Protein chains: 2
Amino acid sequence: MNNEVPEAYVPQTPESLPALLGSVAVIRDLLGGTPDRWAVEEVGDGNLNLVFKVRGPAGGVAVKQALPYVRLVGESWSLPLTRAHFEHLALVRQARHAPGLTPTVLHYDADMALIVMELLEPHIIMRHGMIDGVVYPMFAEALSTFAAATLFHTSDLAMAAADKKELVADFAGNTALCGITEDLIFTEPYMVAENNRWTSPQLDGLAASIRADSDLKVAVSRLKVTFMSSAQAMIHGDLHTGSIMVTQTDTRIIDPEFAFVGPMGFDTGAVIANLLLNYFSQIGHESTPGARDAYRNWVLDSVEEFWNGFRSRFLALWRREGRGDAYPAVLFDDAVARVHLASEQERYMAELFRDTLGFAAAKMIRRILGLAHNIDLENIADADVRAAAESRALKMARALMTAPDSFPSIEAVTDAARRWNATTVI
Amino acid sequence: MNNEVPEAYVPQTPESLPALLGSVAVIRDLLGGTPDRWAVEEVGDGNLNLVFKVRGPAGGVAVKQALPYVRLVGESWSLPLTRAHFEHLALVRQARHAPGLTPTVLHYDADMALIVMELLEPHIIMRHGMIDGVVYPMFAEALSTFAAATLFHTSDLAMAAADKKELVADFAGNTALCGITEDLIFTEPYMVAENNRWTSPQLDGLAASIRADSDLKVAVSRLKVTFMSSAQAMIHGDLHTGSIMVTQTDTRIIDPEFAFVGPMGFDTGAVIANLLLNYFSQIGHESTPGARDAYRNWVLDSVEEFWNGFRSRFLALWRREGRGDAYPAVLFDDAVARVHLASEQERYMAELFRDTLGFAAAKMIRRILGLAHNIDLENIADADVRAAAESRALKMARALMTAPDSFPSIEAVTDAARRWNATTVI
């Protein structure tokens with residue numbers, strides 16, 4: 001893993017950025033005027049990077065620059081700049097398979113670990129909207145389209161085996177970011193670790209009981225080994241509602257720096273986990289008890305619509321464009337064989353659903369007991385209310401992870417969420 | 001995939017080889033005398049390469065050189081020389097994990113795609129010995145040790161995640177040889193393909209029924225997708241009895257040019273498939289009916305001893321050296337957790353056993369209906385006898401592949417082999 005900082009690398013500031021961008025013709029043209037007239041603001045609220053909005057007389061761009069360390073933690077935790085390379089690679093490929101659902105890449109500067117993209121306006125981070133109770137009627141369709149297209153087209157179902165192996169190799173160097181996932185999602189929440197934090201003392205007992213739950217530790221370890229060794233497709237790797245920018249009519253998926261060739265269910269699980277966390281958090285955001293009930297229903301409807309939409313779109317792609325080396329069309333070219341293939345496709349999706357639930361559970365638990373939390377829950381000022389929401393989410397996650405077979409359908413998942421949400425805790 | 005032939009590459013002949021080897025000090029010293037006194041014979045009987053034995057006054061070496069095409073087929077089927085690179089990489093790593101069970105590598109010449117190894121004498125290819133009914137009392141122990149050590153130590157159970165990803169990338173370029181497996185093992189035997197051949201007309205009906213068997217085609221496709229996307233461990237990739245050199249007391253595994261990071265069960269399945277094929281072939285090699293019964297029992301005993309030995313060795317390594325990022329030790333550091341981990345390890349081995357049976361079945365079928373056959377069966381001159389043996393093997397393979405759950409243990413497999421062998425066919 002290349003952890004070096006190129007000699008030319010300089011972390012950008014609002015002062016330095018215009019000169020750098022001014023040297024790129026396409027950006028100069030897009031912004032208009034001269035660099036000294038461009039307005040720059042640093043807006044990064046993520047855990048890892050610098051993000052700038054740059055506006056000129058004719059238009060704007062967004063600029064994302066990797067830092068050689070984890071911004072959330074500080075310079076003591078170094079992180080390779082090469083993640084910008086992997087993010088760029090993923091953005092380009094996602095745009096090919098899911099056109100219109102990612103920000104357009106305008107320029108990539110490898111030395112600066114910097115990507116210049118289309119400025120998405122008036123988009124906001126979906127997580128913020130969901131905390132405010134905003135309905136996004138187009139989101140589930142867009143996100144299920146994105147997931148189905150990017151996962152299907154980078155899998156063995158669509159690709160020639162040699163091309164797929166090249167894709168695996170292209171992303172094999174993204175070990176540092178995979179390592180963050182391996183540690184922070186699949187390991188640390190289940191042990192005593194310095195990075196962990198939770199709403200204390202309210203959740204102390206539950207956190208301890210999770211650290212002592214061997215069934216759960218076996219289950220999360222099984223998910224971890226799948227994450228490490230199942231090269232199913234190029235996954236986004238961090239597909240939560242903080243990686244989605246929305247308006248009422250447009251949805252864009254950003255920030256694929258965790259991308260690599262891994263298990264599909266990690267992406268679909270991330271979506272469902274983050275919707276469920278928001279669902280459980282609503283108790284902390286409603287003005288009066290029950291005021292957000294309609295919103296809660298929309299969130300769970302979105303969970304169903306996302307999975308069912310993903311499932312049917314993925315299967316449709318497989319039927320229509322299944323020209324990869326897996327399940328080769330030449331073996332299934334008569335009516336009888338096609339019936340058997342269709343039933344195998346159902347089995348394949350059922351297995352993917354099972355993976356999805358496990359990964360969703362892992363994502364929920366890490367956001368409550370691990371290092372990086374979600375503001376859906378973190379923004380709840382009353383610690384008792386927050387802990388109640390978190391404990392419902394934790395208990396549901398534990399059931400999803402240790403007994404996935406009790407959830408035969410996505411509707412069984414949303415039903416269970418409603419039941420957990422109605423429980424008295426802790 | 002680099003399919004180029006380096007400018008310096010020259011296919012060697014018994015005449016040219018001494019001069020080439022004479023330029024390498026370690027080989028000159030080992031052979032003794034001067035190159036003009038060295039005796040060279042070309043002994044390659046495989047499908048892909050040139051193999052030479054070189055002897056001098058002081059000792060001998062074996063030399064394997066890749067050809068830029070498939071030797072079995074001819075220059076029309078090109079095959080990259082880079083396979084020598086992957087073979088060399090695998091040999092070095094196998095020697096580290098399973099010392100004494102591979103030929104020692106003395107020299108590697110990348111431009112010539114040529115590996116110089118220890119000359120194994122008086123070893124013979126195990127397949128030849130098994131056709132002659134020779135018992136190898138040490139073989140099952142050695143082979144199960146080799147498989148357990150090489151698979152365990154290159155898996156996530158033993159490796160740090162970042163090192164494992166590097167290993168995946170190291171072998172990702174071996175696409176041409178993986179492609180041979182994908183086509184010849186997992187696809188062509190189940191369709192009408194120019195490469196296929198079988199004992200005809202005796203097996204015409206059975207071959208047709210396999211091409212029409214949708215359950216089987218689904219099952220083999222599921223195995224194929226596992227082969228293409230399950231990066232469990234560095235596998236040998238071609239672990240049949242033609243890749244094993246033996247004496248009564250020594251066992252060496254050769255020819256890992258198909259190596260890559262794939263599913264462990266592909267190696268363990270290859271071993272079992274080739275033992276079973278030999279078992280079914282004995283009817284064609286015994287002087288009088290039943291004359292080889294004791295040998296048949298030894299072959300099936302070896303199947304059991306191999307799997308049971310592999311299983312217990314693999315588990316012992318996991319318990320003793322499970323310091324990889326999968327199932328991290330830190331999560332299982334108390335007595336209760338260790339009990340749960342032990343039961344998870346049993347489940348892991350049961351799943352690996354299931355994979356093993358499926359891959360074994362695929363290997364059996366391809367050797368009877370596909371391009372490359374085994375001389376265990378091919379050497380049976382009487383086509384009716386050969387077809388009878390082949391049809392028993394095919395039918396057993398079909399059961400293994402479509403109903404692996406009816407074989408809960410390796411003893412259930414050997415029992416079934418005895419029953420199939422007693423059936424009247426075709």
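Residues numbered from 1 in each chain as written. Chains lettered and ligands numbered in written order. Predicted model: local features only at pLDDT ≥ 70, side-chain atom pairs only at ≥ 80, totals over all residues. Heavy atoms only, no water.

With that out of the way, let us pick up the overall build of chain A. Tallying secondary structure elements over chain A gives 15 helices and 12 strands in all. Over its C-alpha trace chain A gives a radius of gyration of 22 Å, about what one expects of a compact globule, namely 22 Å for 426 residues. Considered along the principal axes of its C-alpha atoms, chain A spans approximately 60 × 60 × 40 Å. Out of the 426 residues belonging to chain A, those deemed buried represent 59%. (Helix = DSSP H or I, 4+ residues; strand = E, 2+ residues; numbered from the N terminus. Rg over C-alpha atoms; globule rule 2.2 N^0.38 Å. Buried < 20%, exposed > 50% of the residue type's maximum accessible area, 1.4 Å probe, protein only.)

This model, assessed by the stated rule, comprises 44 salt bridges over all chains. As a salt-bridge pair, A:Arg127 and A:Asp376 come within 2.7 Å of each other at their nearest N and O atoms. On the criterion of sequence distance, the pair formed by A:Arg127 in helix H4 (residues 126–131) and A:Asp376 in helix H13 (residues 375–378) is long-range, its members being 249 residues apart. By relative accessible area, A:Arg127 is classed as buried at 6%. The salt bridge partner of B:Arg296 is B:Asp293, with a shortest N-O separation of 2.8 Å. On the criterion of helical spacing, the pair formed by B:Arg296 and B:Asp293 is a turn pair, its members being 3 residues apart in helix H11 (residues 293–321). (Salt bridge = Lys/Arg side-chain N within 4 Å of Asp/Glu carboxyl O.)

Residue and element names in this part refer to chain B. Strand direction decides the pairing type here: strand E6 (residues 105–109) and strand E7 (residues 114–118), joined by 4 bridges, are antiparallel. Each residue of the ladder has a partner; that of Val105, found in E7, is Met117. Joining the antiparallel neighbours E6 and E7 is a turn of 4 residues, in which Ala113 adopts a positive phi near 50°. (Pairing = 2+ DSSP bridges.)

This next bit is on the relation of the copies chain B and chain A. Each copy of the sequence occupies a distinct position, and chain B is placed on chain A by a rotation of 180° and an axial shift of 0.0 Å, giving an RMSD of 0.0 Å. Seen this way, the second copy is the image of the first under a two-fold rotation axis. With an isologous cut-off of 70% or more, the 100% of interface residues of chain B that recur at the interface of chain A puts this contact in the isologous class. (Least-squares fit on C-alpha atoms with pLDDT ≥ 70 in both. Contact = heavy atoms within 4.5 Å.)

Here we take up the environment of B:Asp213. All names here are of chain B. With respect to the helices and strands, the residue Asp213 is situated in the loop between helix H8 (204–211) and helix H9 (214–229). Accessibility expressed as a relative area gives 14% for Asp213, which makes it buried. As for Asp213 and Arg398, which are separated by 185 residues in sequence, their C-alpha atoms are 9.6 Å apart.

Let's shift gears to the interface of chain B and chain A. Contacts between chain B and chain A engage 44 residues on the former and 44 residues on the latter. Summed over both partners, the interface of chain B with chain A comes to about 3600 Å²; 65% of that surface belongs to carbon and sulfur atoms. It is B:Lys165, B:Met228 and B:Leu331 that lose the most area in chain B upon contact with chain A, and together they represent 18% of the buried surface on that side. Here chain B is connected to chain A by 4 salt bridges. Here A:Arg222 makes a salt bridge to B:Glu344, at a shortest N to O gap of 2.5 Å. (Buried area = accessible area lost by both parts, 1.4 Å probe.)

Here we take up the nonpolar core. By size, the foremost hydrophobic cluster in this structure holds 218 residues, and its most contacted members are A:Leu276, A:Phe314, A:Met401, B:Leu276, B:Phe314 and B:Met401. Once residues lying within four places of it in the same chain are set aside, the contact partners of B:Leu276 are B:Leu300, B:Val303, B:Met364, B:Met396, B:Leu400, B:Val413 and B:Ala417. (Core = buried A, V, L, I, M, F, W, Y, C linked by side-chain atoms within 4.5 Å.)

In this model, A:Glu121 is joined to A:Pro122 through a cis peptide bond whose omega is 10°. Relative to the elements of secondary structure, A:Pro122 occurs in the loop between strand E7 (114–118) and strand E8 (124–125). If you check the backbone angles, B:Asp255 has positive phi at about 65° while not being a glycine. The topology assignment puts B:Asp255 in the loop between strand E11 (251–253) and strand E12 (260–262). Since its relative accessible area comes to 23%, B:Asp255 is described here as partly exposed. Even without a glycine there, the phi angle at B:Tyr327 is positive, about 45°. Along the polypeptide, B:Tyr327 turns up in the loop between H11 and helix H12 (335–369).

It is worth spelling out the sheet that holds E7(B) at this point. Residue and element names in this part refer to chain B. A sheet is described by the order of its strands in space; here 5 strands give the open sequence E1-E2-E3-E7-E6, paired in antiparallel fashion. If you trace the sheet from one side to the other, it starts and ends with strand E1 (39–42) and E6, each paired once. Within the sheet, the average angular offset between the axes of one strand and its neighbour, ignoring direction, is 20°. Its contacts with the sheet put helix H3 (residues 83–97) on strand E2 (49–55), strand E3 (60–66), E6 and E7, and the angle it makes with E7 is roughly 30°. (Axes fitted to C-alpha atoms, helices over the stretch in contact; angles between N-to-C directions.)

Turning next to the packing of aromatic side chains. Residue and element names in this part refer to chain B. Within this structure, the stated rule accounts for 38 aromatic pairs over all chains. Between Phe152 and Phe314, the aromatic rings sit 5.6 Å apart at their centres with planes inclined by 85°, giving edge-to-face as the arrangement. Linking Phe152 in helix H5 (residues 139–153) with Phe314 in helix H11, this pair joins segments that are 162 residues apart in sequence. Phe314 carries the same exposure label as Phe152, and that label is buried. With a centroid separation of 4.9 Å and 70° between ring planes, the pair formed by Trp318 and Tyr348 is classed as edge-to-face. Of the two residues, Trp318 is situated in helix H11 and Tyr348 in helix H12; the sequence distance between them amounts to 30 residues. Each member of the pair, Trp318 as well as Tyr348, carries the same accessibility label: buried. (Phe/Tyr/Trp six-rings, centres within 6.5 Å; stacked < 30°, edge-to-face > 60°.)

Interpreting fine coordinate detail is not advised for predicted regions of low pLDDT. Averaged over all residues, the pLDDT of chain A is 96; the fraction at 70 or higher stands at 99%. Here the prediction assigns the complex a pTM of 0.96, and the interface score ipTM is 0.95. (pLDDT = per-residue confidence, 0-100.)

What follows deals with the sheet that holds E7(A). Residue and element names in this part refer to chain A. Read across the open sheet, the 5 strands follow the order E1-E2-E3-E7-E6; overall the sheet is antiparallel. Strands with a single pairing partner mark the edges of an open sheet, and in this sheet they are strand E1 (39–42) and strand E6 (105–109). With direction set aside, neighbouring strand axes in the sheet form an average angle of 20°. Across 7 bridges, strand E2 (residues 49–55) lies against strand E3 (residues 60–66) in antiparallel orientation.

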